[in-house]
Amino acid sequence: MLDLDGRIWRRVFAGLLCAALLGCAPRIAPDGNRSAEAEPAPAAARAAGNGEALALLLRREAARTGFGPAPASTAVGPPPGRQPLVEALFAAYEARDWRSVWFPGGGAPQAVRLASAAAMVERAADHGLDPADYRLPAPASDIAKIARNAAPGTLAALEIAAMSAVLAFAHDAAVGWRAARLTDPNVFAELEPFDAQAVIRRLADPARDPADTLRALFPDHAPYRALQAALAAYRARAAHPEPPAVPEGPSLRLGARDGRVAALRARLAYFGDLAPQSGDAARFDPEVDRAVRRHQERHGLEPDGVVGPQTLAALNVPIAARLQQLRLNLERWRWLPHDLGAAYVLANIAAFEVRIVEEGAVLDRIRAVVGKPFRMTPVFSDAITYVEVNPTWTVPPRIAGQDLLPKIRDNPTFLADEGYELFDGWGPDAARLDPSSVDWASVSPDAFPYKLRQRPGPSNALGRVKIMFPNRFDVYLHDSPARALFERRVRAFSSGCIRLERPFDLVDWLMRRTGGPERAEIEAIRAAGETRVVPLRSDVPVHLIYAAAWAEPDGTVQFRSDVYGRDALLQAALVR
């Protein structure tokens, strides 16, 4: 039996740790031989016996190889977020006194556990991750063969290289790419820090299947699983030849006979909206009309059955681009809490929709208006704590200066007509002012000095109710008097808050869920016209997400345009 817990193991293992974490670990062949071109671990690392010396060497070699903090004059270093894994993995083995995770008693008998973990890494694409990001030293199917009768140096190389790949995979499963999350300027997810040492302890536990440990790190809620299934379906679809794009030309509609209809049929069938059929390929028949409407519905377009410029553009998006959309949106889910709650409110900014979800079932879908592209609604999670009926609206200075000041200048009675009160400051003792006493032409839109507060009423910008989850962005859900906006297909018109078409339906559910006042009592408060705060007896989770691709419970895959232009930012971060 090899002495894998002894001094020889420690020294060999410590040196190989540096090499593996820096991306220069050897590729190990099934016969146990390491590739000749692999860079060996530095001599100092092979000889070192203490963590301090190894840590200094690790930092030096990380800068040299590009997998660590490098001077500004050198090439770009590793993807941001990976360097903490270098330190965490080293610390974990130091804490274990360099005892093996995968081969505590020898080679082959324990290799099945490492093979199980490696097989999960090899299936990274099932979650939209790139297996090339996790450099395994050998295929999972070869690990047992390598481990059989392997020398300590080979086992050390195998363990460290495999563990560095497994840990990077575990990190991305649990919290996503940190670099990608930081690249998106409007994401404020507050996840628990990735605990590398806890993951390694679970992987080392002989009572646990390592694959189960890794699988449990991914989100396990219905939206993520449905999107993962959609990715699998689209990957299977992409294995077949993609039909050519539908040529541009005049709009196509029911009854048309056009040579382009054959291409239209082929695209619709390829994406699952039209069953393959025989018949007149050039005729736009009722079946094609129904398929076009399905395709339009799935892409957030007006389902009128007319193949105009927008529908044609959606139809001609290549399957590769759709696959990437699915991958990007799986990544976005990994940034959010993996436990959404037994019942929660889900606001999808890209879909202009708020959903009420209870025990995994979608109870209601409410149309929403979200922030303009230059005043994006942020992505974060919080908890709804109270409802305010007949709210006042204290106008943020930026909106007062940029949006309302021009209206005040154009119309001297604007503030009175719309129910606004004017104060000479923001303090509790600020005095009321007569709007006619202010020289509005001299007021700067970038330094608006007054406080504006709109009284409750039919023209109040917040409508008759706001649903509060106090946060640093001053964002909430609320009613709106601008009812016509809810009829638009693209609804990005607010200053960051989310307006609801049917806010009192959400209020009713919140009260029933938490044991609050019944709808009749809420209606009585509303009718009285006075501002009233109604606390919830228990908090309800709310998640503001940006999902431009998702799958419905029935498997229908939905895509939306990237209204905020954030896919390119995320794509750039992921390919770095």
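Please refer to the structure placed before this passage.
Definitions and limits used
Residues numbered from 1 in each chain as written. Predicted model: local features only at pLDDT ≥ 70, side-chain atom pairs only at ≥ 80, totals over all residues. Heavy atoms only, no water. Helix = DSSP H or I, 4+ residues; strand = E, 2+ residues; numbered from the N terminus. Buried < 20%, exposed > 50% of the residue type's maximum accessible area, 1.4 Å probe, protein only. Contact = heavy atoms within 4.5 Å. Areas by Shrake-Rupley, 256 points an atom, 1.4 Å probe, with all protein chains shown as cover. Pairing = 2+ DSSP bridges. Expected span 1.5 Å × (residues − 1). Arc of directions from axis to C-beta. Salt bridge = Lys/Arg side-chain N within 4 Å of Asp/Glu carboxyl O. Phe/Tyr/Trp six-rings, centres within 6.5 Å; stacked < 30°, edge-to-face > 60°. Core = buried A, V, L, I, M, F, W, Y, C linked by side-chain atoms within 4.5 Å. Bend = angle between axes of the 7 residues up to and from the residue.

**Remarks on the overall build of the protein chain**
Along the backbone of the protein chain there are 20 helices and 15 strands. Of all 576 residues assigned to the protein chain, the portion counted as buried reaches 51%. Looking at the protein chain alone, contacts between residues at least 24 apart form 70% of all its contacts between residues at least 6 apart. Carbon and sulfur atoms make up 53% of the accessible area of the protein chain, which amounts to about 25300 Å² in all.

**Notes on the environment of Asp-410**
Turning to its location among the elements, Asp-410 is positioned in helix α16 (residues 397-410). We classify Asp-410 as exposed; its relative accessible area is 68%. Put simply, Asp-410 and Trp-440 are 30 residues apart on the chain and 9.9 Å apart in space, counted from C-alpha to C-alpha.

**Description of the sheet that holds strand β8 (residues 451-454)**
One open sheet accounts for four strands, arranged β5-β8-β6-β7; its pairing is antiparallel. Taken across any chain shown, the strands that pair with only one partner, and hence form the sheet edges, are β5 (393-394) and β7 (432-433). The pairing of strand β6 (residues 420-423) with β8 spans four bridges and is antiparallel. Paired with Leu-422 across the strands is Leu-452, a residue of β8.

**What to know about helix α11 (residues 222-238)**
Helix length check: α11 (17 residues) gives 24 Å between terminal C-alpha atoms against 24 Å at 1.5 Å per residue, within 8%. All of the buried residues along α11 are Pro-223, Tyr-224, Leu-227, Ala-230, Leu-231 and Tyr-234. Buried residues of α11 fall within an arc of 120° about the axis and therefore sit on the same side.

**Re the pairing of β8**
Where a strand is regular, its side chains alternate between the two sheet faces. Two strands pair when backbone bridges link them, and β5 and β8 are joined in this way by two bridges, in the antiparallel orientation. Across the sheet, the residue bridging to Trp-393 is Gln-454, located in β8.

**A closer look at unusual backbone geometry**
One non-glycine residue, Glu-359, lies in positive phi territory at about 50°. Judged by relative accessible area, Glu-359 falls into the exposed class, the value being 58%. Located in the positive-phi region is Asn-390, a residue other than glycine, with phi close to 55°. Relative to the elements of secondary structure, Asn-390 occurs in the loop between β4 (380-389) and β5.

**Examining the pattern of salt bridges**
Taken as a whole and assessed by the stated rule, the structure comprises 31 salt bridges. Across the pair Asp-567 and Arg-332 runs a salt bridge, and its minimum N-O distance is 2.8 Å. With a gap of 235 residues between them, Asp-567 in helix α20 (residues 567-575) and Arg-332 in helix α15 (residues 319-334) connect regions that are remote in the sequence. In this structure, the salt-bridge partner of Arg-502 is Asp-364, at a minimum N-O distance of 3.0 Å. With Arg-502 in the loop between β12 (498-500) and α18 (503-514) and Asp-364 in strand β3 (residues 361-371), this residue pair connects regions lying 138 residues apart in the sequence. Each of Asp-364, Arg-502, Asp-505, Asp-508, Arg-512 and Arg-519 takes part in a single network of salt bridges with overlapping partners.

**Considerations on the packing of aromatic side chains**
In the structure shown here, the tally under the stated rule is 15 aromatic pairs. Ring centres of Tyr-234 and Phe-271 lie 6.4 Å apart, and the angle between their planes is 35°; this geometry places the pair in the tilted category. Residue Tyr-234 is located in helix α11, and its partner Phe-271 is located in the loop between α12 (260-270) and α13 (286-298); the two are separated by 37 residues in the primary sequence. Tyr-234 gets classed as buried once you look at its relative accessible area, which sits at 2%. Its relative accessible area of 5% is what places Phe-271 among the buried residues. Between Phe-380 and Phe-469, the aromatic rings sit 6.2 Å apart at their centres with planes inclined by 45°, giving tilted as the arrangement. Note that Phe-380 is positioned in strand β4 and Phe-469 in the loop between β9 (465-468) and β10 (477-478), a separation of 89 residues in sequence. No difference in accessibility class separates Phe-380 from Phe-469, as the two residues are buried.

**Thoughts on the environment of Ala-314**
Mapping Ala-314 onto the fold places it in helix α14 (residues 309-315). The sequence separation of Ala-314 and Gly-300 amounts to 14 residues, and the corresponding C-alpha distance is 9.9 Å. Discounting residues that sit within four places of it in the chain, Ala-314 has contacts with His-295, His-299, Leu-301 and Arg-322.

**Remarks on the side chain of Asp-273**
As for its position among the elements, Asp-273 is in the loop between α12 and α13. Not counting the four nearest positions on each side in its chain, Asp-273 is found in contact with Leu-268, Ala-291, Arg-294, His-295 and Arg-298.

**Some points on the nonpolar core**
If you look at the biggest cluster of nonpolar residues, it comprises 90 residues, and the most contacted ones within it are Tyr-134, Phe-169, Phe-194, Leu-214 and Leu-326. In terms of residue count, the dominant contributor to this core is helix α7 (residues 152-175) (14 residues). Not counting chain neighbours up to four residues away, the residues in contact with Phe-169 comprise Met-120, Val-121, Ala-124, Leu-129, Tyr-134, Leu-214 and Phe-218. One finds Ala-400, Leu-415, Leu-510 and Val-534 within the second-largest nonpolar core, a separate group that totals 52 residues.

**With respect to α16**
Taking 1.5 Å of rise per residue, 14 residues should cover 20 Å, and α16 covers 19 Å from first to last C-alpha, within 8% of that figure. The sharpest bend along α16 comes to roughly 50°, located at Leu-404, with the proline Pro-406 sitting one to four residues further on. Within α16 the residues assigned to the buried category are Ile-399, Ala-400, Gly-401, Leu-404, Leu-405 and Ile-408. Of the surrounding elements, those touching the buried residues of α16 are β5, α17 (414-417), β6 and β8.

No statement about biological role is implied by the geometric values presented.
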